[in-house]
Amino acid sequence: MSGLKITVVGGGIGGAAAALALTRAGCDVHVCEQVASKTEVGAGIQVSPNATRLLHRYGLADALRARAVKPRHIEVRRWDDGRILSREELGDVAEEAFGAPYYHFHRADLLSILSDALPTGRAHSGRRCVDVVQTKDGARTIFDDGSTIDSDVVVGADGIHSVVRKILFGDERPRFSGNVAYRGLAPADRLAHLRLRHNATNWMGPGGHFVHYFVSGGRFVNFVAVSEQAKWERESWNDRGEIEDAKKCFAGWHPQIHEILGAVDETFKWALFDRVPLSRWGVGRVTLLGDACHPMLPYMAQGAAQSIEDGATLAACLAGIGPSGVIEALTKYEELRRPRTAAIQLAARGNAVTFHLPDGAEQEKRDIEMSARTGLSPRRAAIFGFDAERLQIMPQS
Ligand SMILES: Cc1cc2nc3c(=O)[nH]c(=O)nc-3n(C[C@H](O)[C@H](O)[C@H](O)COP(=O)(O)OP(=O)(O)OC[C@H]3O[C@@H](n4cnc5c(N)ncnc54)[C@H](O)[C@@H]3O)c2cc1C
C-alpha cells in the first residue's frame, strides 16, 4: 500500500477511472468536480478493449455488460450509394483476440458506473479548482470557495479547458479543427424499418462523415455527424444545434442518414478542438491526464479510452511508492504515456483528411485500400492489444 494522498481535479470519465485505479493501488484518493451534479452529454461513446480490459480489472465487468451494446463490426460505407468499403470484426472475435470486449455506451451510463464504484465519501461535487501550488513536500489544491486540500500528488483531469494545465504551462488555447459535430440520440423504435445492425457504422464522404451505433441496450441510435466549417465564432464550445442545419450539411448523402436525422428530437453542435502533443504533462507533484493534456479529434474513438489508460499507468507508477518517490514516478508516467497518446492524437488528425476526401483519385485509392482489408487493421490491433498497466515503453505503429 502506498498510502499516497492524491487529489484528482475533475470527475469526468478520465478522473473517475483514474481514481478507481489509484484507489486499487492503495492510494488515498479524493476526486473534486466543479459541477454540483455531474452528468454526461446525451450521446454515445465507444469503449475499446484497451480500456474495457482495465475497467474489468477494477471489478466493473458485470456493470458494464449490463448497460453495454456489443457491436459486431466496424463498418465503413460510401456516402452516396451506401456501398460497404470495409468491415472489420468486433463482437466475440475481438473479445477473444484482445481478452476484453468492444462496447458502446450511453455516456451517462459509463460515467455513473465509474462514479458509483468510487469508495464512499471520495467524490466531491461543486468544488471548482482555481489554483494549485507546490508546497515543501506536496501540493495544495485551492477551490473557489477558499477551501484547500493538501496532498502528495495533484492530478488535473479537468478536460480540454484544463485550469491545472493553464496553471502549469500558461494559457494556450486549443486549435479549432475546422470540423463541427452534430450529436444526438434517436429512439431505435422509430428506425426499426431500417433494420440497422449492431455495428459501428461510419459513412465517409466529401467534407464530412457520419457515425452511428446503438446505445442503452439498443433503445437508442447514437449519431455523430461531422462536417467542415471555416470558423467557430461563438463563446460556447457546444451549442444546441438545428436538425435542419445538420440535414443541409448532408444534402445528397444516402437516405438512411436523413432517416436517422429525421428521427431525432434534438441535436447538439460541438466545435471540435485538439492540441499539438505537449512536450511535458507535469511539474513537480502535479500532473495531467485525459483531455487536459492530450485532447484529440474523436476520429480514432480513443479520447476517453486513452484517459482510462492514463489512470491505469499513473496508478501502476505510483503503486508502492512513498512521498519521496513521487516526482520520479510522475516522470516515468508521462514518459510512458506521451508517445502513445501523441501518436493517436496525430492519427486522429490524419483521419480528418482521410475520412473527408472529395471523390477523385485519392478517394479511390483510399477505398481500394479499405476494401482489401481483412480482419482488424494493424493500427487498430496495436491500440486494442495494449496493456496500460505494463510499465514498459512500447514502440508505436
Ligand atoms: C463528438 C465526440 C465523440 C467522441 N467519441 C469518443 C469515443 O467514441 N470514444 C472515446 O474513447 N472518446 C470519444 N470522445 C472523446 C472523449 O469524450 C473525451 O476524450 C473524454 O470524455 C475526456 O475525458 P476527461 O475526463 O479527460 O475530460 P472531461 O470529460 O472533459 O472531464 C473533465 C471534468 O473536469 C471538470 N472540471 C473542469 N474544470 C474543473 C475545475 N476547475 N475544477 C474541478 N473540476 C473541473 C469538468 O466539469 C468535467 O467533469 C469523443 C469526443 C467527442 C467530442
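What counts and how
Residues numbered from 1 in each chain as written. Predicted model: local features only at pLDDT ≥ 70, side-chain atom pairs only at ≥ 80, totals over all residues. Heavy atoms only, no water. Helix = DSSP H or I, 4+ residues; strand = E, 2+ residues; numbered from the N terminus. Rg over C-alpha atoms; globule rule 2.2 N^0.38 Å. Buried < 20%, exposed > 50% of the residue type's maximum accessible area, 1.4 Å probe, protein only. Contact = heavy atoms within 4.5 Å. Areas by Shrake-Rupley, 256 points an atom, 1.4 Å probe, with all protein chains shown as cover. Lys, Arg positive; Asp, Glu negative; His and termini not counted. Charge placed at Lys NZ, Arg CZ, Asp CG, Glu CD. Axes fitted to C-alpha atoms, helices over the stretch in contact; angles between N-to-C directions. Parallel < 35°, antiparallel > 145°, perpendicular 65-115°, else oblique. Left-handed = near helix turned anticlockwise from the far one by under 90°. Nonpolar A, V, L, I, M, F, W, Y, C, P; charged D, E, K, R; others polar. Phe/Tyr/Trp six-rings, centres within 6.5 Å; stacked < 30°, edge-to-face > 60°. Lys NZ or Arg CZ within 6 Å of the ring centre and 35° of its normal. Salt bridge = Lys/Arg side-chain N within 4 Å of Asp/Glu carboxyl O. Disulfide = S-S within 2.5 Å. Core = buried A, V, L, I, M, F, W, Y, C linked by side-chain atoms within 4.5 Å. Pairing = 2+ DSSP bridges. Near = heavy atom within 4 Å. Polar contact = N/O pair within 3.5 Å; in protein donor to acceptor, adjacent residues only side chain to side chain. Arc of directions from axis to C-beta.

### A closer look at the overall build of the protein
Stage number 1. Helix and strand counts for the protein stand at 12 helices and 18 strands.
Stage number 2. The C-alpha atoms of the protein give 21 Å as radius of gyration, which agrees with the globular expectation for 397 residues (21 Å, within 12%).
Stage number 3. If you line up the protein on its principal axes, its C-alpha atoms span 65 × 45 × 40 Å.
Stage number 4. A total of 397 residues make up the protein; the buried ones form 56% of that total.
Stage number 5. Put simply, 76% of the contacts in the protein that link residues at least 6 apart link residues at least 24 apart.
Stage number 6. Just so you have it, the protein exposes about 16,800 Å², and 49% of that area is on carbon and sulfur atoms.
Stage number 7. Seen as two clouds, the 48 positive and the 48 negative side-chain charges of the protein have centres 1 Å apart.

### Examining the packing of helix H1 (residues 13–24) against helix H5 (residues 107–116)
Stage number 1. Running from N to C, H1 and H5 point in directions that differ by 25 degrees, and their axes come no closer than 9 Å. With respect to H5, the element H1 is oriented roughly parallel. Along this stretch, H1 crosses H5, giving a crossing that reads as left-handed. Mapping the contact onto sequence places Ile13, Ala16, Ala17 and Leu20 in H1 and Arg107, Leu110, Leu111, Leu114 and Ser115 in H5.
Stage number 2. Class assignment of the residues belonging to the contact of H1 with H5 gives a composition of 7 nonpolar, 1 polar and 1 charged.

### Let's talk about the packing of aromatic side chains
Stage number 1. All told, the structure shown has 10 aromatic pairs when counted by the stated rule.
Stage number 2. Look at Tyr103 and Phe105: their rings are 5.6 Å apart centre to centre, the planes differ by 80 degrees, and that puts the pair in the edge-to-face class.
Stage number 3. For Phe105, a relative accessible area of 0% gives the class buried.
Stage number 4. Each residue in the set Trp79, Phe210, Phe223, Phe250 and Trp253 is aromatic and connected to the rest through ring pairs, giving one cluster.
Stage number 5. Across the ring face of Phe143, the terminal group of Arg127 is positioned such that the distance to the ring centre comes to 4.2 Å.

### Let's talk about the pattern of salt bridges
Stage number 1. Overall, the coordinates contain 27 salt bridges when judged by the stated rule.
Stage number 2. Across the pair Asp81 and Arg78 runs a salt bridge whose closest N-O atoms are separated by 3.9 Å.
Stage number 3. Its relative accessible area of 45% is what places Asp81 among the partly exposed residues.
Stage number 4. Between Asp245 and Lys248 there is a salt bridge, with the nearest N and O atoms lying 3.9 Å from each other. With Asp245 and Lys248 both in helix H7 (residues 243–249) and 3 residues apart, this pair spans about one turn of that helix.
Stage number 5. A relative accessible area of 33% places Asp245 in the partly exposed class.
Stage number 6. What you see here is one network of salt bridges that share partners, running through Arg78, Asp80, Asp81, Arg83 and Asp359.

### Remarks on the state of the cysteines
Stage number 1. Scanning all chains against the criterion turns up 0 disulfides.
Stage number 2. Free cysteine Cys27: the closest other cysteine sulfur is in Cys317, separated by 11 Å.

### Remarks on the nonpolar core
Stage number 1. Core analysis: the largest hydrophobic core is formed by 66 residues, its most contacted members being Ile6, Leu22, Leu110 and Leu114.
Stage number 2. The contacts of Leu22, once residues within four sequence positions are left out, are Ile6, Val8, Cys27, Val29, Leu314, Ala315 and Leu318.
Stage number 3. Grouped together as the second largest cluster of nonpolar side chains are 30 residues, Ala181, Met204, Val215 and Ala352 included.

### Examining the environment of Leu85
Stage number 1. Position of Leu85 among the secondary structure elements: in strand S5 (residues 84–89).
Stage number 2. Sequence separation between Leu85 and Ala25 is 60 residues, and the spatial gap between their C-alpha atoms is 44 Å.
Stage number 3. Those residues in contact with Leu85 that lie beyond four places of it in its chain are Val76, Arg77, Arg78, Arg366, Asp367, Met370 and Ser371.

### Considering the sheet that holds strand S11 (residues 153–156)
Stage number 1. If you walk across this open sheet you meet the 5 strands as S7-S2-S1-S11-S18, and the pairing is parallel. Each having just a single partner strand, strand S7 (123–124) and strand S18 (286–288) make up the two edges of the open sheet.
Stage number 2. Direction of pairing for strand S1 (residues 5–9) relative to strand S2 (residues 28–32): parallel, over a ladder of 5 bridges. Within S2, the residue paired with Val8 across the bridge is Val31.
Stage number 3. Each of S1 and S2 touches H1; the most contacted strand, S2, lies at about 170 degrees to it.

### Regarding the site of the ligand
Stage number 1. Near the ligand there are 31 residues, and of these Gly14, Glu33, Gln46, Arg107 and Asp291 occur at the shortest range.
Stage number 2. Between the ligand and Gly14, the relevant distance is 2.8 Å, taken from an oxygen atom to a main-chain nitrogen or oxygen of the residue.
Stage number 3. Relative to its unbound accessible surface of 1,000 Å², the ligand loses 88% to contact with the protein.
Stage number 4. For the shell around the ligand, the secondary structure elements donating two or more residues are H1, strand S3 (44–47) and helix H9 (303–318).

### Some remarks on the sheet that holds strand S8 (residues 129–134)
Stage number 1. The strand order across the open sheet built from 3 strands is S8-S9-S10, with neighbouring strands paired in antiparallel fashion. In the strand order of this sheet, the two ends are held by S8 and strand S10 (148–151), each with one partner. Here the average twist between neighbouring strands, direction ignored, is 20 degrees.

### Examining helix H8 (residues 255–262)
Stage number 1. Listing the buried residues of H8 in full gives Gln256, Ile257, Ile260 and Leu261. Take H8 and look down its axis: the buried residues cluster within an arc of 140 degrees, on one side only.
Stage number 2. Buried residues in H8 make contact with strand S4 (73–78), strand S12 (175–187), strand S13 (199–205), strand S14 (208–215), strand S15 (220–228) and H7.

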